[in-house]
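Chain by chain, the residues:
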Amino acid sequence: MRKHAALGGHMVDFLFTIALFCAFAATSLIVVIIGANVYQGTVRGMNENYALRTSLSYVSQKVRQNDGAGEIHIGTLDGVPALVLEQPFDSGSYQTWIYYDDGWLRELFIRADADAAPADGQPILQLAGFEMEQDQNGMLTFTSRDGEGGSAEIRLCPRCGKGNE
């Protein structure tokens, strides 16, 4: 009889160990799942923030590079609003057009007298939206939008350009 009681005691120890192991495994799995969701959210947020900041940084750097070299203004390329950076060279005048078309921020570098279409531009960065405007004093405002409803804005006042003459 004693042997049977001792055997039953070992069975309880074994079941307790198995239950403890299962609880540990379930808790570990839950922690891993929560960690993966947090990581995905962080990566998604970083990518969206990257697109917003990079697009505005890109445009502001282009304005700074061309500020003083020629005229900076907002124009249209086949009805698409575009930042136009005029650049005089020995061989003639050239323009850099930066605009948003078909989900992409694009750049097009052409002679001032050449014909172009929005599809001719080089895709730079994919965005959900990009707006630009210039007030009567020449102040440029750029707004970048991501797919999650976030947006960022930058305002620049170039030394040259329409309205600053």
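Bear in mind that the values here come from a model prediction, so they are computed numbers and not experimental data.

1. Topic: the side chain of Arg106
Then, number 1: One can find Arg106 in strand 4 (residues 104-111).
Then, number 2: No salt bridge is formed by the buried Arg106. Its closest oppositely charged neighbour is Asp101, at 4.1 Å.
Then, number 3: Of note is the side chain of Arg106, whose polar atom sits 3.3 Å from the backbone oxygen of Asp101.
Then, number 4: In this structure the side chain of Arg106 is engaged in a polar contact, spanning 3.1 Å, whose partner is the backbone oxygen of Gly121.
Then, number 5: Residues within four places of Arg106 in sequence aside, it is in contact with Trp97, Ile98, Tyr99, Asp101, Pro118, Ala119, Gly121, Gln122, Pro123 and Ile124.

2. A look at the side chain of Glu107
Then, number 1: Residue position: Glu107 is located in strand 4.
Then, number 2: At 3.4 Å, the side chain of Glu107 forms a polar contact with the side chain of Lys62.
Then, number 3: Other than its neighbours up to four places away in sequence, Glu107 contacts Tyr58, Lys62, Thr96, Trp97, Ile98, Gly121, Gln122 and Ile124.

3. Some thoughts on the nonpolar core
Then, number 1: Val59, Leu83, Phe130 and Phe142 are the most contacted members of the largest nonpolar core, which has 16 residues in total.
Then, number 2: Contributing elements (two or more residues each) for this core: helix 1 (2-66), strand 2 (80-89), strand 6 (129-134) and strand 7 (140-145).
Then, number 3: When near neighbours in sequence (up to four residues on either side) are disregarded, Val59 contacts Leu83, Ile98, Leu105, Phe130 and Phe142.
Then, number 4: Listed in part, the nine residues of the second largest apolar core include Val84, Tyr99, Leu108 and Ile110.

4. Concerning the sheet that holds strand 6
Then, number 1: Read from one edge of the open sheet, three strands run 6-7-8, paired in antiparallel fashion. Pairing within the sheet leaves two strands with one partner each, and these edge strands are strand 6 and strand 8 (151-156). Taken over all neighbouring pairs, the strand axes of this sheet differ in orientation by 10 degrees on average, direction set aside.
Then, number 2: Of the strand pairs in this sheet, strand 7 and strand 8 are connected by six bridges, and their pairing is antiparallel. Counted as the bridge partner of Arg145 is Ser151 from strand 8.

Cut-offs and rules
- Residues numbered from 1 in each chain as written.
- Predicted model: local features only at pLDDT ≥ 70, side-chain atom pairs only at ≥ 80, totals over all residues.
- Heavy atoms only, no water.
- Helix = DSSP H or I, 4+ residues; strand = E, 2+ residues; numbered from the N terminus.
- Buried < 20%, exposed > 50% of the residue type's maximum accessible area, 1.4 Å probe, protein only.
- Lys, Arg positive; Asp, Glu negative; His and termini not counted.
- Salt bridge = Lys/Arg side-chain N within 4 Å of Asp/Glu carboxyl O.
- Polar contact = N/O pair within 3.5 Å; in protein donor to acceptor, adjacent residues only side chain to side chain.
- Contact = heavy atoms within 4.5 Å.
- Core = buried A, V, L, I, M, F, W, Y, C linked by side-chain atoms within 4.5 Å.
- Pairing = 2+ DSSP bridges.
- Axes fitted to C-alpha atoms, helices over the stretch in contact; angles between N-to-C directions.

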